[in-house]
Amino acid sequence: MSLSKRQIAYLEKIIVTAQKILDTAHLEEGRSGGGSKRRRRTAVEAEKMRADIRAKRARGVPAAKLAEKYGVSTAYIYMIKE
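Residues numbered from 1 in each chain as written. Predicted model: local features only at pLDDT ≥ 70, side-chain atom pairs only at ≥ 80, totals over all residues. Heavy atoms only, no water.

### Quick notes on the packing of helix α3 (residues 43-58) against helix α4 (residues 63-70)
Then comes step 1: Put simply, α3 and α4 touch, their axes get as near as 11 Å, and they point 155 degrees apart. One way to sum up the angle between α3 and α4 is to call them roughly antiparallel. The handedness of the crossing between α3 and α4 comes out as right-handed. Taken together, the residues of α4 that come into contact with α3 (itself represented by Met-49, Asp-52, Ile-53, Lys-56 and Arg-57) are Ala-63, Leu-66, Lys-69 and Tyr-70. (Axes fitted to C-alpha atoms, helices over the stretch in contact; angles between N-to-C directions. Helix = DSSP H or I, 4+ residues; strand = E, 2+ residues; numbered from the N terminus. Parallel < 35°, antiparallel > 145°, perpendicular 65-115°, else oblique. Left-handed = near helix turned anticlockwise from the far one by under 90°. Contact = heavy atoms within 4.5 Å.)

### Some points on α3
The periodicity of an α-helix, 3.6 residues per turn, causes residues three or four positions apart to be oriented the same way.
Then comes step 1: For α3, spanning 16 residues, the distance from its first C-alpha to its last is 23 Å, which sits close to the expected 22 Å at 1.5 Å a residue.
Then comes step 2: Along α3, the residues that are buried comprise Ala-46, Met-49, Ile-53, Lys-56 and Arg-57. All buried residues of α3 project into a common sector of 95 degrees when viewed along the axis, lining one side. The outward face of α3, more than 90 degrees from its buried face, is lined by the exposed residues Ala-43, Val-44, Lys-48 and Ala-58.
Then comes step 3: At the C-terminal side of α3, Gly-60 shows a positive phi close to 95 degrees. (Expected span 1.5 Å × (residues − 1). Buried < 20%, exposed > 50% of the residue type's maximum accessible area, 1.4 Å probe, protein only. Arc of directions from axis to C-beta.)

### Focus: the pattern of salt bridges
Then comes step 1: Tallied over the full model, the rule gives 3 salt bridges.
Then comes step 2: The salt bridge partner of Arg-54 is Glu-47, with a shortest N-O separation of 3.8 Å.
Then comes step 3: Classification of Glu-47 as partly exposed rests on a relative accessible area of 38%. (Salt bridge = Lys/Arg side-chain N within 4 Å of Asp/Glu carboxyl O.)

### Considerations on the nonpolar core
Then comes step 1: If you look at the biggest cluster of nonpolar residues, it comprises 10 residues: Met-49, Ile-53, Val-61, Ala-63, Leu-66, Ala-67, Tyr-70, Val-72, Ile-77 and Ile-80.
Then comes step 2: For this core, the leading source of residues is α4, giving 4 residues.
Then comes step 3: Excluding residues that lie within four positions of it along the chain, Ile-53 makes contacts with Leu-66, Tyr-70, Ile-77 and Ile-80. (Core = buried A, V, L, I, M, F, W, Y, C linked by side-chain atoms within 4.5 Å.)

### Let's talk about the side chain of Arg-57
Then comes step 1: Mapped onto the fold, Arg-57 is located in helix α3.
Then comes step 2: Since its relative accessible area comes to 19%, Arg-57 is described here as buried.

In structure tokens:
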């Protein structure tokens, strides 16, 4: 079976794309929340975290920094502030 130039170019493009995906696969593992895995907090831990966030927000700590530290969204940080 012989392939046309267009089919060969298409297959080469697929191969290059697959190689890029394989080369960057290890980078995807470290992207979830700064390397920390999601976990469910107990009610006591959650309340302590919220109190800590309120105190730090009162001192002017940026929401983005807090969100990264606690593994939550910035929207959640702003919701706690209210």
